[in-house]
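So the chains spell out like this:
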Amino acid sequence: MKVDNSIVLNAIPALVILIVAEGIYLAKERKHNTSDLLTNLIIGLVSIPLSFITKGVVLYTYSLLYEVRLFTLPSNVWYTWVVCFFADDFSYYWFHRMSHRIRFLWVSHLVHHSSEEFTFSAAMRVPWTSHFTGNFLFWVWMPLIGIEPALVLLFKSASVIYQFWMHTETINKMPGWFESVFNTPSHHRVHHGCDVEYLDKNHAGTLIVWDRLFGTYMDEKNKPTYGLTGNIKSFNPLVIEFYGWKELIRDLKRSAKFYHRFNYLFNAPGWSHDSTSKTAKQLQADLNN
């Protein structure tokens, strides 16, 4: 199957139209921060050439694994596409969930959560270092079971496009049946909320059923407060992109003990050896006490 690297690029004009239309609407309502918009667009534009470089590495890795596949699922039959859809979405859920539970993954992912506004342009605020932390490894089992690497990348790209429309407050609720099965702006607003009760909820890509199955679902009850529990307070793209790494290095230097350093890398964000900060679970436990 021929690799289609253009699916996201072909969608960019439509995404830009949505960003502009929403921006005009929010400007009239006096609910838009121009600095935030520009920061999001710069980060998104820089990520485009980076994605071509990293995609080559990812494709090469998947291709090597495909050569030792256990089965062969032909890409020209409908059931392979069905399997790939569910496999990709399942992989995304666990990648996303672990990105909130493992500090080494979070230092990249926090970039996407750093905006204190929730707009279509916020979908463009993506980490430049996510492949460095190994996020693509959550999908390696797919070529191993016989799904062509090109098909894996195609569904990953389609998931990115689907998730774009969820970054908005201009859409309230979808019909009940849709909210029960699919990820929606309402579900994703909860995910981007930094309110303690909303932390580490609704990790879905396309299907919200994974959160319902694995106990991470929460309905939107109150208007979320967006951003991080400790916001970056900068619109400089470089500061935003490397903020998490700077904080991680600082914490690694704070202790000479291997046990502490291991936990700073692989325990949940907020873990500290001296209790100067708390994880989401600890904050939620305090809230419920």
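Structure: see above.
Residues numbered from 1 in each chain as written. Predicted model: local features only at pLDDT ≥ 70, side-chain atom pairs only at ≥ 80, totals over all residues. Heavy atoms only, no water.

Re the overall build of the protein
Tallying secondary structure elements over the protein gives twelve helices and zero strands in all. Each helix (α) and strand (β) of the protein, taken in turn from the N terminus, gives the series α-α-α-α-α-α-α-α-α-α-α-α. Its C-alpha atoms give the protein a radius of gyration of 19 Å, near enough to 19 Å, the size a compact globule of 289 residues would have. Along the three orthogonal principal directions, the C-alpha set of the protein runs to about 55 × 55 × 35 Å. In the protein, which comprises 289 residues, the proportion classed as buried is 48%. By sequence separation, contacts in the protein at least 24 residues apart represent 71% of the contacts at least 6 residues apart. As displayed, the protein has an accessible area near 14,500 Å², and 66% of this comes from carbon and sulfur atoms. (Helix = DSSP H or I, 4+ residues; strand = E, 2+ residues; numbered from the N terminus. Rg over C-alpha atoms; globule rule 2.2 N^0.38 Å. Buried < 20%, exposed > 50% of the residue type's maximum accessible area, 1.4 Å probe, protein only. Contact = heavy atoms within 4.5 Å. Areas by Shrake-Rupley, 256 points an atom, 1.4 Å probe, with all protein chains shown as cover.)

What to know about the pattern of salt bridges
Once their charged atoms are close, side chains differing in charge can pair, the charge on each being opposite to the other. Tallied over the entire structure, the rule returns twelve salt bridges. One salt bridge connects Glu 169 with Lys 223, and the closest N-O pair in it is separated by 2.5 Å. With Glu 169 in the loop between α6 (149-164) and α7 (176-181) and Lys 223 in the loop between α9 (209-214) and α10 (237-253), this pair connects stretches of sequence that are 54 residues apart. Judged by its relative accessible area of 37%, Glu 169 is partly exposed. Where Asp 274 meets Arg 254, a salt bridge forms, and the shortest distance between an N and an O atom there is 3.1 Å. Residue Asp 274 is found in the loop between α11 (258-266) and α12 (280-288), and its partner Arg 254 is found in the loop between α10 and α11; the two are separated by 20 residues along the sequence. A residue is classified by how much of its surface remains accessible, and Asp 274, at 35% relative accessible area, is partly exposed. Residue classification places Arg 254 among the partly exposed residues on the basis of a relative accessible area of 34%. (Salt bridge = Lys/Arg side-chain N within 4 Å of Asp/Glu carboxyl O.)

A few points about a nonpolar patch on the surface
A cluster of nonpolar side chains, namely Leu 38, Ile 42, Val 46, Leu 50 and Ile 53, defines an oily patch on the protein surface of about 410 Å² accessible area. Mapping Leu 50 onto the fold places it in helix α2 (residues 34-66). (Patch = residues over 30% accessible without salt bridge, like charges linked within 9 Å, V, L, I, M, F, W, Y side chains within 5 Å.)

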